[in-house]
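Structural characterization, general
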Amino acid sequence: MQVETLILGAGAAGLMCAAHSGPGVLVVDHAKSPGEKIRISGGGRCNFTNLHTCPENFLSGNPHFCKSALGRYTQWDFLDLVSRHGIAWHEKTLGQLFCDESAKQIVAMLLAEAAGAELWLQTDVGAIDHDGARFSVILERDGRPTTVLARNLVVATGGKSIPKMGATGLAYRIAERFGLGVTETRPALVPLTFSGPVLERLKPLAGLSVDAEVTCNGVAFREGLLFTHRGLSGPAILQISSFWREGDPICVDLVPGVELVAALRSRRQSGGRIALATALSEYMPTRLAQVVAEGSGLRGNLADQNDGAVRELSARATGWDLLPSGSEGYRTAEVTLGGVATDGLSSSTMEARAVPGLYFIGECVDVTGWLGGYNFQWAWSSGWAAGAAIAARSQ
Ligand SMILES: Cc1cc2nc3c(=O)[nH]c(=O)nc-3n(C[C@H](O)[C@H](O)[C@H](O)COP(=O)(O)OP(=O)(O)OC[C@H]3O[C@@H](n4cnc5c(N)ncnc54)[C@H](O)[C@@H]3O)c2cc1C
């Protein structure tokens, strides 16, 4: 069987690319349904882009690499597409756009846009070869192998996150097979775990969520923080996990924006005969206030504390240093940090410099967005860039 373009992976990037690659496109995926991660994303409402998308929201060995694709297919282009399909949306917070109804609408929209392409599901990808002009790929469907010859091969099989959902790391193996570099990959946008006495202190707080500022390696995020049975989660922690490395402490400000020393001093003057936890609970949930007050080791009530002790108590709440023991790993990570090295790819087309006709798009590339719709925008932009290049060449 011969096609113009074979796209491996019917996820966000693969479907977007299929919609723009021109005629003769075959998309294959080993999953039962296309766009499974889109379907479950954003709590079933898909945070499909971010109004504030710019290159600064992405981590990569080459921070300039994402500029071209993001600049040529922008968040406004995707929003325009969503609106043309009559999908109602809203901004939740921090520029994050979600469907009003269901993430399934985004999958349906992409399938409609890519209607000209053939889609093979439950198809396994076998050996891949290249004779200089065409790729030959062995595909297995219903137990029967088929060799497909394609002028263009687009790899859109995502990263390693959530193996239960079909993530395989196939893209990295294909990149290596064709001599491209792959940077270190690690789970990102992932909850952090703790052990020993720290976990024992955190465990009773499981289920609590607060607004917090979390800092690690000079980077800070102020968003929600959630205590879990294994450690910490919530947007602030997921964001900082992309910057965290084993052995690094994180610092948590539980009352961002509050001048806590001044506030506690003034409370000490105006009725300080209250427990330390009670004083703190004016600024945070009571259970958390108790843990912070106990952790300070201070005795007596607020009125008994001198200025030094008030500063100490306040520092416990505004600069809580914690040493994570690890992360929840690929089992729950929203994305994979690192991937196919950008120095082997054209930033405007996503084509491998040394292998004409071979493209890598989406999460498998060493471009990782912050939490908040940035990763889907990268999938749309990089998928569009490859598709537009293929379509232009086949005219
Ligand atoms: C729970 C969760 C929630 C998320 N929420 C958001 C969000 O709201 N906003 C946001 O911007 N990002 C979100 N993300 C991240 C986002 O889903 C990814 O960045 C995006 O899906 C990447 O698109 P992709 O096309 O590169 O890869 P994917 O969407 O992962 O698609 C890859 C496709 O390749 C297929 N595949 C993999 N290996 C093989 C193989 N060996 N053979 C055949 N097929 C294969 C897979 O079945 C899959 O269909 C979320 C991720 C998760 C896990």
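What counts as what
- Every residue gets a number counted from 1 within its own chain, in the order that chain's sequence is written.
- For a predicted model such as this one, the threshold for reporting local features is a pLDDT of at least 70, and the threshold for listing and counting side-chain atom pairs is 80 or more; totals across whole chains, interfaces and linings nevertheless cover every residue.
- The basis for every side-chain value is the complete set of heavy atoms in the structure, and neither hydrogens nor water enter the calculation.
- Any residue with a heavy atom lying within 4 Å of a molecule or strand is counted as near it.
- Under the rule applied, a polar contact is a pair of N or O atoms within 3.5 Å (in protein, one hydrogen donor and one hydrogen acceptor; residues adjacent in sequence only if both atoms are side-chain atoms).
- Per-residue accessibility takes into account occlusion by the displayed protein chains alone, with areas from the Shrake-Rupley method and a 1.4 Å probe.
- Put simply, Ala, Val, Leu, Ile, Met, Phe, Trp, Tyr, Cys and Pro go in the nonpolar bin, Asp, Glu, Lys and Arg in the charged bin, and everything else, Gly too, in the polar bin.
- Where a domain begins and ends is set by an automatic assignment or by a domain database.
- Summed over both partners, the accessible surface that disappears when two parts come together, traced with a 1.4 Å probe, is what is meant by buried area.
- Salt-bridge detection follows one rule: a side-chain nitrogen of Lys or Arg within 4 Å of a carboxyl oxygen of Asp or Glu.

Every one of the 30 residues lining the ligand counts as a neighbour, but A13, D29, T168, E363 and F376 are closest to it. D29 places a side-chain nitrogen or oxygen 2.5 Å from an oxygen atom of the ligand. Taking E363, its main chain carries an N or O atom lying 2.8 Å from an oxygen atom of the ligand. Notes on the ligand: free accessible area 1,000 Å², of which the protein chains cover 92%. A class-by-class count of the residues in the shell around the ligand yields 13 nonpolar, 13 polar and 4 charged.

With that out of the way, let us pick up the domain arrangement of the protein. Along its sequence, the protein is organised into domain 1 (2-186 + 337-394) and domain 2 (192-327). The straight-line distance from the C-alpha centre of domain 1 to that of domain 2 is 40 Å. Taking both partners together, domain 1 and domain 2 bury about 740 Å²; carbon and sulfur atoms supply 59% of that area. Counting the surface domain 1 buries against domain 2, the share from its top three residues, R186, W370 and L371, is 64%. Inspection of the region where domain 1 meets domain 2 yields 1 salt bridge. Between R186 and E246 there is a salt bridge whose closest N-O contact spans 3.1 Å. Linking domain 1 with domain 2 are 3 residue pairs in polar contact (both at pLDDT 80 or more). In terms of residue class, the side of domain 1 that touches domain 2 is made up of 5 nonpolar, 1 polar and 1 charged.

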